[in-house]
Amino acid sequence: MEIKNKLFTNSESLELDHFTINHFQFPAGSLMGMAAVSVFTEYRKIFRGYEIQILCGSGNNGGDGLALAYLFFNSGFQVQVFYK
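Residues numbered from 1 in each chain as written. Predicted model: local features only at pLDDT ≥ 70, side-chain atom pairs only at ≥ 80, totals over all residues. Heavy atoms only, no water.

Caption draft 1: Just the overall build of the chain, in detail. Helix and strand counts for the chain come out as three helices and two strands. Going from N to C terminus, the chain has its helices and strands arranged as α-α-β-α-β. The C-alpha extent of the chain, read off along each of the three principal axes, is 40 × 25 × 20 Å. Taking all 84 residues of the chain together, 17% fall into the buried category. (Helix = DSSP H or I, 4+ residues; strand = E, 2+ residues; numbered from the N terminus. Buried < 20%, exposed > 50% of the residue type's maximum accessible area, 1.4 Å probe, protein only.)

Caption draft 2: Spatial organisation of a nonpolar patch on the surface. Taken together, the side chains of Leu7, Phe8 and Leu16 make up a nonpolar region of the molecular surface, amounting to roughly 340 Å² of accessible area. By the secondary structure assignment, Leu7 is in the segment before α1 (10–24). (Patch = residues over 30% accessible without salt bridge, like charges linked within 9 Å, V, L, I, M, F, W, Y side chains within 5 Å. Areas by Shrake-Rupley, 256 points an atom, 1.4 Å probe, with all protein chains shown as cover. Salt bridge = Lys/Arg side-chain N within 4 Å of Asp/Glu carboxyl O.)

Caption draft 3: Structural detail: the pairing of strand β1 (residues 52–56). Every second residue of β1 is oriented toward a common face, the buried set being Ile52, Ile54 and Cys56 and the non-buried set Gln53 and Leu55. Here β1 pairs with strand β2 (residues 79–83) via five bridges, running parallel. From the neighbouring strand, Gln53 faces β2, where its bridge partner is Gln80. (Pairing = 2+ DSSP bridges.)

Caption draft 4: Spatial organisation of the environment of Thr41. Here Thr41 lies in helix α2 (residues 28–43). Overall, the relative accessible area of 44% leaves Thr41 in the partly exposed class. Separated by 22 residues in sequence, Thr41 and Gly63 place their C-alpha atoms 17 Å apart. A polar side-chain atom of Thr41 sits 2.8 Å from the main-chain carbonyl oxygen of Val37. (Polar contact = N/O pair within 3.5 Å; in protein donor to acceptor, adjacent residues only side chain to side chain.)

Caption draft 5: Here's a closer look at the nonpolar core. Membership of the largest hydrophobic core is limited to nine residues, which are Ala36, Phe40, Ile52, Ile54, Cys56, Leu68, Ala69, Phe72 and Phe77. Looking at this core, the elements that each hand over two or more residues are α2, β1 and α3 (60–73). Discounting chain neighbours no more than four positions away, the residues touching Phe72 are Phe40, Arg44, Phe47, Ile52, Phe77 and Val79. (Core = buried A, V, L, I, M, F, W, Y, C linked by side-chain atoms within 4.5 Å. Contact = heavy atoms within 4.5 Å.)

Caption draft 6: Broad picture of the packing of aromatic side chains. This model, assessed by the stated rule, comprises five aromatic pairs. Relative to Phe47, the ring of Tyr43 lies with its centre 5.4 Å away and its plane at 15°, an arrangement referred to as stacked. You can call Tyr43 partly exposed: its relative accessible area is 22%. Aromatic ring contacts, followed pair by pair, group Phe40, Tyr43, Phe47, Phe72 and Phe77 into a single cluster. (Phe/Tyr/Trp six-rings, centres within 6.5 Å; stacked < 30°, edge-to-face > 60°.)

Caption draft 7: Quick peek at the environment of Asn10. Residue position: Asn10 is located in helix α1. Taking C-alpha positions, Asn10 is 26 Å from Val79, a pair spaced 69 residues apart along the chain.

Encoded structure:
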C-alpha cells in the first residue's frame, strides 16, 4: 500500500476545521462525513475481500471512524469497530 504525502499537518487541519465551522457555520458532523466518504472512496477497491478494523478515539476522529465503518459495512464489508 502506498503512503501519500500529507497535505496538511495535524495543527493545520485543526485550524482549517475551526475556520470552516466558525466562519461558514459548517457543521462539524458534515466535515466528519466528508472525511469518511473521501477515505472510503479512496480505499474501497483496495480493501475488497478484507475484513476492516477501525480504531476510533473519543474525539472527532472517532466520529470519522464510525462514519467510515458505516460506509464499509453498508457496502458489504466485514467491519469491526474498536471505540475508546
